[in-house]
Amino acid sequence: MRNKLWFSILPLTLALGLLAFSGRILVVNRPRPADVIIVLAGETELRPQRGLELLRSGYASQLILDVPANTKMFRWSELDLAQQYVQQLPEASRISVCPISGRSTKDEVPDVTRCMKGSGARTVLLVTSDYHTRRALSIFGKSLPAYRYEIAAASDPRDFGAQWWRHREWAKTALDEWLKLIWWELVDRRRG
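Residues numbered from 1 in each chain as written. Predicted model: local features only at pLDDT ≥ 70, side-chain atom pairs only at ≥ 80, totals over all residues. Heavy atoms only, no water.

## Digging into the pairing of strand β2 (residues 63-68)
So the rule is basically this: Relative accessible area decides the class of each residue, using a 1.4 Å probe on protein chains only: under 20% of the type maximum gives buried, over 50% gives exposed, and in between gives partly exposed. Only runs of H or I of at least four residues qualify as helices and only runs of E of at least two qualify as strands under DSSP, and these elements are numbered from the N terminus. A pair of strands is labelled paired if DSSP reports no fewer than 2 bridges between them.
Counting buried residues along β2, six of its six residues qualify, which places the element largely inside the surrounding structure. What you see with β2 is no split at all: Leu-63, Leu-65 and Val-67 on one side and Ile-64, Asp-66 and Pro-68 on the other are buried throughout. Pairing between strand β1 (residues 36-39) and β2: three bridges, direction parallel. Bridge pairing in β2 links Ile-38 to Ile-64.

## Some points on the side chain of Thr-128
This is how the line gets drawn: As used in this structure description, the phrase polar contact means that two N or O atoms lie within 3.5 Å; if the pair is within protein, one of them must be able to donate a hydrogen and the other to accept it, and residues adjacent in sequence are counted only when both atoms belong to side chains. In this description, contact between two residues means that some pair of their heavy atoms is separated by no more than 4.5 Å.
Inspection of the secondary structure assignment puts Thr-128 in strand β6 (residues 123-129). Among the polar contacts made by the side chain of Thr-128, one reaches the side chain of Arg-47 at a distance of 3.3 Å. Apart from the residues within four sequence positions on either side, Thr-128 is in contact with Leu-40, Arg-47, Thr-133, Ala-136, Ile-151, Ala-152, Ala-153 and Ala-154.

## A look at the environment of Ile-25
Looking at the secondary structure, you find Ile-25 in helix α1 (residues 2-26). On the basis of relative accessible area, Ile-25 is assigned to the partly exposed category, the value being 29%. When the C-alpha positions of Ile-25 and Trp-178 are compared, they lie 9.8 Å apart, and in sequence the two are 153 residues distant.

## Details of the packing of helix α4 (residues 105-116) against helix α5 (residues 133-143)
How we decide: A fitted line through C-alpha atoms represents every axis, and for helices the fit uses only the stretch in contact; the resulting angles, taken between N-to-C directions, go from 0 to 180 degrees. For this classification, under 35 degrees means roughly parallel, over 145 means roughly antiparallel, 65 to 115 means roughly perpendicular, and everything else is oblique. The handedness criterion is simple: a crossing whose near helix is rotated anticlockwise from the far helix by less than a right angle is left-handed, and one whose near helix is rotated clockwise is right-handed.
Two elements in contact, α4 and α5, have axes whose closest approach is 10 Å; the angle formed by their N-to-C orientations is 50 degrees. Of the possible angle classes, the one that applies to α4 and α5 is oblique. The two elements α4 and α5 cross, and the hand of that crossing is right-handed. Of α5, the residues touching α4 (which contributes Thr-105, Lys-106, Val-109 and Val-112) are Arg-135, Ala-136, Ile-139, Phe-140 and Ser-143.

This is the structure in structure tokens:
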């Protein structure tokens, strides 16, 4: 009877432990020096801020800021806003804006490839939201294997925390990212 109870409790304990650490599993944060920093499209405050912080700290000599090409904020295109933002920075000569037409990280890869052409880069430091780091690293590594990748996380406590169960928004973000990661690993990764 005792062994039966033990074998009933063990899987539940393991499942709860995995669930508790699932937020931490999503996050990979290992910024290392590279030839170029690429700030992935998406969040427009903390990702660019983190990219600039890394550029200013000497992690790379140039930064590429991915920006959706066909989206507008009120009447201004996001691309125009990004270019105006970059022009005002002291490091403007070391930053380029890359127009992105894809709506997913996987679809972003061909645009990044185009924007990196002629850069001479061999190593890339990706910057994205903390919960998106594991999937982004996997997507770029599989889709564009000619480069070596490092990754830096931009954290926003309004959207996500490793202890995802503490806030409703964190739980929604964690669930959404886990679904995307599982889809990538089981379906899209095999499609090529």
